[in-house]
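Read off the chains here:
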Amino acid sequence: MAELQAIIFDVDGTLADTERDGHRPAFNAAFQDAGLDWHWSVELYGELLRVTGGKERIKEYLSRYLPDFTPPKPLDDFVRDLHRRKTERYVAMMQEGRIPLRDGVMRLLREAREAGIRLAIATTTTPENVTALLSSAPEPDLADWFEVIAAGDVVPAKKPAPDIFVLALQQLALPPSACVAVEDSDNGVRSALGAGLDALLVTESSYTAGQDFSGAALVVDRLGEPGAPAKALQGELGGASVVDLGVLRRLHGRIYGAGDR
Ligand code: XBP
Ligand code: MG
């Protein structure tokens, strides 16, 4: 009988819908800064998102769309420098508060924190991006609410590999059975399930709607707020109109046989 002790959140698409109007324009701005005439449209970016990680995504773009491109320096150095510029552009955009947290995120974080549930992050994105996003939130010290921020290149393999969730669990010093994970993408679902996080909630995001979330315990369109209810797309909300801590405790209890069913 395991009690719910922590929630591990993905960031991009889950805490905020950052990809289309945050990461994508930051890549395009970096390309422009570097004098490259590349442009990633909303549609093209949707295809490139199959590959997680910004540096990996740039390499995927080159091999698929510009196989004859000759970088002005060794490829890894070129991609690293271009991506560094992209991170600068992205952080500046987040500091302007360009992307808000998704509906219900602050509500759920506050409720969990007040109940003594530990908070963690497991994301593929660069750590600076996470702190910049959280710093723009209505709660000024939000980044400090997260006991663990596992992010970016600190693990050998990015999602869909389980490594980043495994690292977050190690840093929390908890087994998967003490946690609920929250994701928005099929790559994230594979990563979380691979780490043994079976109490898995998916909140679909703009680029991930309709993906295959097999294995997730509950899939909703949003966490929801009063007046903007969550809709269950897979699994049951059990009569709740938003995803709150009670919903997460019941979900966890159904998987691990503890808590309020
Ligand atoms: C997020 C990513 C990241 C971001 C860009 O995936 O794949 O690459 O798109 O961030 P997830 P960087 O939500 O599954 O963690 O450019 O810093 O990699
Ligand atoms: Mg995501």
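Being a predicted model, the structure only gives us computed values, none of them experimental. (Residues numbered from 1 in each chain as written. Chains lettered and ligands numbered in written order. Predicted model: local features only at pLDDT ≥ 70, side-chain atom pairs only at ≥ 80, totals over all residues. Heavy atoms only, no water.)

Some points on the site of ligand 1
Item 1. What surrounds ligand 1 is a group of 18 residues, the closest being Gly54, His83, Lys86, Thr125 and Thr126.
Item 2. A distance of 2.7 Å separates an oxygen atom of ligand 1 from a polar atom in the side chain of Thr125.
Item 3. Protein chains shield 97% of the accessible area of ligand 1, which is 450 Å² for the free molecule.
Item 4. The dominant element in the shell around ligand 1, judged by the number of residues it contributes, is helix 1 (residues 19–33), at 3 residues.
Item 5. For the shell around ligand 1, the class distribution of residues is 2 nonpolar, 10 polar and 6 charged.
Item 6. Residue-level mapping places the shell around ligand 1 at the junction of two domains, with at least three residues from each of domain 1 (6–17 + 100–256) and domain 2 (19–95). (Near = heavy atom within 4 Å. Polar contact = N/O pair within 3.5 Å; in protein donor to acceptor, adjacent residues only side chain to side chain. Areas by Shrake-Rupley, 256 points an atom, 1.4 Å probe, with all protein chains shown as cover. Helix = DSSP H or I, 4+ residues; strand = E, 2+ residues; numbered from the N terminus. Nonpolar A, V, L, I, M, F, W, Y, C, P; charged D, E, K, R; others polar. Domains from an automatic or database assignment.)

With respect to the domain arrangement of the protein
Item 1. Each domain of the protein was delimited in the assignment, giving domain 1 (6–17 + 100–256) and domain 2 (19–95).
Item 2. A C-alpha centroid distance of 26 Å is found between domain 1 and domain 2.
Item 3. Facing 17 residues of domain 1, the contacting portion of domain 2 comprises 19 residues.
Item 4. The largest contributions to the domain 1 side of the interface with domain 2 come from Asp12, Asn129 and Tyr207, which together make up 38% of the buried area.
Item 5. The interface formed by domain 1 and domain 2 holds 3 salt bridges in total. (Contact = heavy atoms within 4.5 Å. Buried area = accessible area lost by both parts, 1.4 Å probe. Salt bridge = Lys/Arg side-chain N within 4 Å of Asp/Glu carboxyl O.)

Regarding helix 3 (residues 54–65)
Item 1. Compared with the 16 Å implied by 1.5 Å per residue over 12 residues, the 16 Å span of helix 3 between its first and last C-alpha is a close match.
Item 2. The complete set of buried residues in helix 3 reads Gly54, Arg57, Ile58, Tyr61 and Leu62. Within helix 3, the buried residues cover an arc of 140° as seen down the axis, which keeps them to one side.
Item 3. Those residues of helix 3 that are buried lie in contact with helix 1, helix 2 (42–48) and helix 4 (75–95). (Expected span 1.5 Å × (residues − 1). Buried < 20%, exposed > 50% of the residue type's maximum accessible area, 1.4 Å probe, protein only. Arc of directions from axis to C-beta.)

Looking at the sheet that holds strand 7 (residues 232–234)
In a beta sheet, neighbouring strands pair by backbone hydrogen bonds and run either parallel or antiparallel.
Item 1. Here 7 strands make up an open sheet; going across it, the order is 3-2-1-4-5-6-7 and the pairing mixed. Here the strands that pair on one side only, and so sit at the sheet edges, are strand 3 (146–151) and strand 7. Direction aside, neighbouring strands of the sheet carry axes that sit 25° apart on average.
Item 2. Together, strand 1 (6–9), strand 4 (179–183), strand 5 (200–203) and strand 6 (218–220) form the strand contacts of helix 10 (residues 245–256), whose direction differs from that of strand 4 by roughly 115°. (Pairing = 2+ DSSP bridges. Axes fitted to C-alpha atoms, helices over the stretch in contact; angles between N-to-C directions.)

Focus: the coordination of the magnesium ion (ligand 2)
Item 1. Asp10 (OD), Asp12 (O) and Asp184 (OD) make up the full set of protein donors to the magnesium ion (ligand 2), lying at 2.1 to 2.2 Å.
Item 2. Coordination of the magnesium ion (ligand 2) draws on donor residues from a single chain, spaced D-x1-D-x171-D in sequence. Of this pair, Asp12 sits in the loop between strand 1 and helix 1 while Asp184 sits in the loop between strand 4 and helix 9 (186–194), and the two are 172 residues apart along the sequence. Accessibility assignment for this pair places Asp12 and Asp184 in one class, buried. (Donors = N, O, S within 2.8 Å, 3.2 Å for Na, K, Ca; no water.)

Some points on the side chain of Gln211
Item 1. Locating Gln211 in the fold gives a position in the loop between strand 5 and strand 6.
Item 2. By relative accessible area, Gln211 is classed as buried at 18%.
Item 3. Residues in contact with Gln211, not counting those within four places in the same chain, are Arg50, Ser185 and Asp186.

Remarks on the packing of helix 5 (residues 105–114) against helix 10
Item 1. Taken N-terminus to C-terminus, the directions of helix 5 and helix 10 make an angle of 70°; their axes are 9 Å apart at the nearest point. Taken together, the axes of helix 5 and helix 10 lie roughly perpendicular to each other. Seen from helix 5, the contacting residues are Leu108, Glu111 and Ala112; seen from helix 10, they are Leu245, Gly246 and Leu248. (Parallel < 35°, antiparallel > 145°, perpendicular 65-115°, else oblique.)

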